[in-house]
Amino acid sequence: MLEIENITVTLGQRTAVDGASLRVEPGEVMAVMGPSGSGKTTLLRTVGGLERPDRGTVRWAGQDLTGVPPHRRHFGFMFQDLALFPHLDVAANVGFGVADENGEVDQALALVGLAGSNRRRVQSLSGGEQQRVALARSLATLPRLLMLDEPLGSLDRPLRDDLVRELREIFAAAGLPVLYVTHDRDEAFAIGHRVAVMNHGRIIQTGTPAELWAKPQSEFVARFLGFNNIVDATLDDGMATTPWGPLPTTAAGMGQVRLVVRPDAWTLGSGGVTGVVARVTFRGDHLVVEITPNAGPTIEAWLREEVAVGDHVSLVADPAGVLFLG
Amino acid sequence: MKKWAVAIPAAFLGYFFFYPLVTVLWTSLSGADTSIGDVLGNAGLRSVAWFTFWQAGLSTILTLAAALPAAYVVARYDFPGRGMFRAGVLVPFMLPTIVVAAAFVALWGPGGAVGFRIDNTVWAILVAHVFFNFAVVVRTVGTLWQHIDPRLEEAATMLGASRGEAFRRVTLPLLRPALAAAAAIVFLFSFTSFGIVLVLGGPTTATLEVEIYRQATALLNFEVAAVLAIVQLIGVVSILALYARFQDAAAHSLTLVPPRKPRPGPERRAVMVVVSASSAFLLAPLAVLVARSLQNSALGWRSLGGSTLTVSPISAVGNSLRFAAVATAIAMVVGLAAAATIAYRKTRSSRWFDALLMLPLGTSAVTLGFGFLVALDAPIDLRSWWMLVPIAHALVAIPFVVRLVAPVVRSIPPRLREAAAMLGASPAQIWRRVDVPIASPAALAATGFAFAVSMGEFGATAFTARPDAPTVPVAIFRLLARPGAIPFGQAMALSVMLMVITAAIVGGLDRARFGQLGRF
């Protein structure tokens with residue numbers, strides 16, 4: 001459907017997107033996630049035709065879109081700052097791109113739960129309502145692809161969680177491919193059928209949320225997922241020798257590796273890595289515990305057991321949560 | 001449209017502004033009878049320059065002293081009639097200077113409402129300047145003051161500062177850009193004040209502006225007038241340069257603090273004293289003006305159709321309305337084209353163009369009129385062409401049009417145009433459906449503003465209006481100069497009429513909430 005092939009975009013002196021490639025299939029929600037400045041927004045704007053790539057092509061159903069101006073692409077775009085027209089009311093904003101002969105405005109407003117708000121001024125709406133109007137506006141034109149740039153960026157957490165759930169239903173109802181940009185891991189995992197991780201203008205890994213969680217391929221992705229227990233290790237037939245001591249793994253083979261222990265893989269148990277609890281943060285169903293081991297770098301563990309700062313503990317790692325990078 | 005838009009303002013300003021200005025400069029340099037040295041060495045002219053300078057300085061200090069309490073009260077307190085007070089202080093500023101002058105003549109000129117006369121003294125000029133510029137301080141300083149969180153002062157007192165110290169070390173530094181900008185503007189207006197000085201100063205008092213007029217029209221001393229105009233221009237450009245620096249410094253981003261109700265007791269009494277004293281000061285001259293127009297069973301109004309001047313005073317109203325309509329049309333065509341050029345092109349040359357467009361704002365109206373007089377005799381002699389009056393008015397109004405419209409167009413987030421494009425709008429449709437509707441309130445405000453400017457313009461009109469087709473301000477000036485109850489009453493009546501027309505336009509704009517658009 002949408003094919004982004006080896007796109008490079010330079011903004012002034014800076015290479016914002018550096019040889020990025022991505023495919024979005026019909027009906028698929030693709031979340032693009034990465035830290036700010038990683039080029040996600042520029043990638044989106046390039047697909048929309050708002051930026052011109054130096055190299056590479058954007059294709060839709062096989063057709064090269066280079067040279068097709070934004071207003072002829074029939075893509076929907078929801079901007080981070082929403083870009084609602086301040087001189088128009090809700091209905092006129094939503095209806096900007098349609099003739100409204102078939103009640104598209106009312107349909108789009110109903111879809112986002114704002115039926116009957118047609119004549120309200122956009123300035124009088126709450127942040128969440130403005131978000132919905134912007135979404136309805138980009139849906140009303142019945143675009144063949146919907147792009148969203150940090151659509152929930154400015155909202156606070158509880159409202160975001162609600163809207164994420166709603167967005168998923170709206171995307172499913174609309175049945176169109178979606179390209180969704182966010183810097184938030186949880187949001188990307190909740191929204192995306194697949195997630196593309198971006199850094200320094202490159203797409204460094206693409207996969208379903210479960211695939212990413214199970215097999216981050218680089219240290220950057222691992223750290224972005226919140227996996228900070230990363231060390232060099234020597235692998236020898238199912239056992240890894242790490243600075244913390246030996247850890248059992250599911251991998252066969254031998255050699256030098258970069259090894260990650262997922263924080264949820266640790267549990268308390270005898271005969272493991274010993275250390276002292278340095279910091280404890282309560283997270284509801286688990287504790288985020290930082291342990292200073294007798295040897296090796298600080299360990300982060302998500303524990304369900306009760307521990308307190310100063311406790312001497314022994315940690316064992318579930319072999320399924322011991323991963324290798326690269 | 002963007003390619004050729006620059007040609008209209010360039011051609012218009014080139015021929016009707018820069019060419020006359022250069023001719024004035026040339027006249028001042030090439031004087032056969034008078035050299036620059038002669039003029040600058042002349043003790044009488046030097047004292048005119050010195051007087052211009054110190055009266056402007058004193059006017060500025062007095063205006064700040066008189067208007068700062070009102071600025072503070074408006075910024076901090078919510079009191080009954082606050083909205084009306086805020087809008088009301090603008091009225092004197094929007095009034096034509098000739099009406100301000102007439103109002104003060106009514107107050108303490110011959111047979112004035114107060115028992116004593118101070119016309120023909122510098123005090124009359126100073127008070128009139130305070131009256132006229134009051135709004136500049138209230139609006140400029142008050143607006144910034146409104147954005148300074150009082151909790152900052154509270155934080156300072158929690159850190160051990162006394163209240164006075166907290167004001168001096170926190171509020172005052174934050175307020176300084178606005179104070180400096182307001183002072184520069186008041187100084188500029190007082191420095192180039194013409195109508196007020198001409199009418200209230202009497203025959204022996206002259207600022208540079210008045211002296212240029214006298215040298216050029218009464219003494220026909222074009223070379224002396226030209227030298228004075230250049231001296232004046234240098235002064236004005238220096239002040240504007242200072243002002244521009246303060247404007248840059250004023251770009252603090254602070255949040256608006258809503259005003260609160262004053263606490264009962266001394267605080268409420270103090271607010272009431274400031275509001276009523278300021279209101280009385282701003283209303284009294286205008287009330288007296290109306291009252292004196294009604295003296296002798298409204299003799300002035302009844303005799304407006306008579307032939308006191310070479311033509312009837314009432315005919316001046318028709319002239320003014322006609323000129324204002326033409327001037328507004330010219331100012332809008334040229335001003336909108338210029339605004340588009342500035343707003344859509346972000347090149348270095350467009351910034352230069354922006355600065356050039358502001359020059360007519362700084363150039364005194366008298367210099368503009370004088371420039372027409374010395375420059376527009378060749379290749380075709382345009383000096384008695386009726387269109388010169390509206391053209392001069394348009395020159396005065398164009399910077400305002402640009403200042404009102406260009407920032408609005410420029411502030412349209414590029415994202416809005418991109419959003420429109422993503423929704424299927426072509427570039428032409430984006431312009432028609434996004435840019436035009438967003439800019440049109442500002443353009444409407446500019447139209448009203450240009451009309452009001454034209455109705456009240458006096459300095460340039462004094463040079464360009466033909467004796468048989470005076471505008472209302474010119475007619476008021478000529479009537480005030482004549483002895484007798486009938487001309488005086490007519491001057492009062494015309495002043496009231498001009499005041500009402502101006503106030504109606506300004507009130508209409510303020511009601512439509514265009515008041516907050518742009519700055520002066």
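Keep in mind the model is a prediction, meaning the values are calculated, not measured.

Chemist: Account for the overall build of chain A, with residues named and values stated.
Modeler: Assigned secondary structure in chain A consists of eight helices and 19 strands. Going through the 326 residues of chain A one by one, you find that 40% of them count as buried. The contacts in chain A between residues at least 6 apart in sequence include a share of 65% that link residues at least 24 apart.

Chemist: Describe in detail the overall build of chain B, supporting the description with residues and values.
Modeler: A tally of regular secondary structure across chain B gives 24 helices and zero strands. On the principal axes, the C-alpha backbone points of chain B span a range of 65 × 65 × 50 Å. Burial analysis of chain B (520 residues in total) assigns 47% to the buried set.

Chemist: So what's going on with the nonpolar core? Which residues, and what values?
Modeler: With 164 residues, the main nonpolar core has B:Ala102, B:Ala128, B:Ala397, B:Val401, B:Val405 and B:Ala450 as its most contacted residues. When residues are assigned to domains, this core turns out to be shared by domain 1 (52-221 + 238-293) and domain 2 (296-520) of chain B, each giving three or more. Membership of the second largest hydrophobic core comes to 94 residues, among which are A:Val9, A:Val24, A:Ala108 and A:Leu303.

Chemist: So what's going on with helix H8 (residues 122-146) of chain B? Residues and values would help.
Modeler: Structurally, the α-helix is built with 3.6 residues per turn, so residues lying three or four positions apart point the same way. Residues and elements named next belong to chain B. Counted at 1.5 Å a residue, the expected span for H8 with its 25 residues is 36 Å, and the 34 Å between its end C-alpha atoms agrees. Along H8, the largest kink reaches about 45 degrees and is centred on Asn133. Most of H8 sits inside the fold, with 21 of its 25 residues counted as buried.

Chemist: Give a description of the domain arrangement of chain A that names residues and reports values.
Modeler: Residue and element names in this part refer to chain A. Structurally, chain A comprises domain 1 (2-223) and domain 2 (229-324). Of note, the centres of domain 1 and domain 2, computed from C-alpha atoms alone, are 38 Å apart. In this assembly, four residues from domain 1 lie in contact with four residues from domain 2. Counted by class, the side of domain 1 that touches domain 2 contains two nonpolar, no polar and two charged residues.

Chemist: Account for the sheet that holds strand S16 (residues 287-293) of chain A, naming residues and giving values.
Modeler: Residue and element names in this part refer to chain A. Read across the open sheet, the four strands follow the order S17-S16-S15-S18; overall the sheet is antiparallel. Each edge of the open sheet is held by one strand with a lone partner, namely strand S17 (299-303) and strand S18 (312-317). If you compare each strand with its neighbour and ignore which way they point, the axes differ by 55 degrees on average.

Chemist: Tell me about the sheet that holds strand S12 (residues 239-242) of chain A, residues and numbers included.
Modeler: Residue and element names in this part refer to chain A. Read across the open sheet, the five strands follow the order S13-S12-S11-S14-S19; overall the sheet is antiparallel. Edge positions in the open sheet fall to strand S13 (245-248) and strand S19 (322-324), since each of these has one partner strand only. Mean inter-strand twist for the sheet, computed between neighbouring axes without regard to direction, equals 40 degrees. Taken together, the four bridges between S12 and S13 define a ladder with antiparallel strand orientation. In the strand pairing of S13, Ala240 is matched with Leu247.

Scoring rules and cut-offs
- Residues numbered from 1 in each chain as written.
- Chains lettered and ligands numbered in written order.
- Predicted model: local features only at pLDDT ≥ 70, side-chain atom pairs only at ≥ 80, totals over all residues.
- Helix = DSSP H or I, 4+ residues; strand = E, 2+ residues; numbered from the N terminus.
- Buried ≥ 20, exposed ≤ 12 C-beta atoms within 10 Å, placed from the backbone.
- Contact = placed C-beta atoms within 7 Å.
- Core = buried A, V, L, I, M, F, W, Y, C linked by C-beta atoms within 7 Å.
- Domains from an automatic or database assignment.
- Expected span 1.5 Å × (residues − 1).
- Bend = angle between axes of the 7 residues up to and from the residue.
- Nonpolar A, V, L, I, M, F, W, Y, C, P; charged D, E, K, R; others polar.
- Pairing = 2+ DSSP bridges.
- Axes fitted to C-alpha atoms, helices over the stretch in contact; angles between N-to-C directions.

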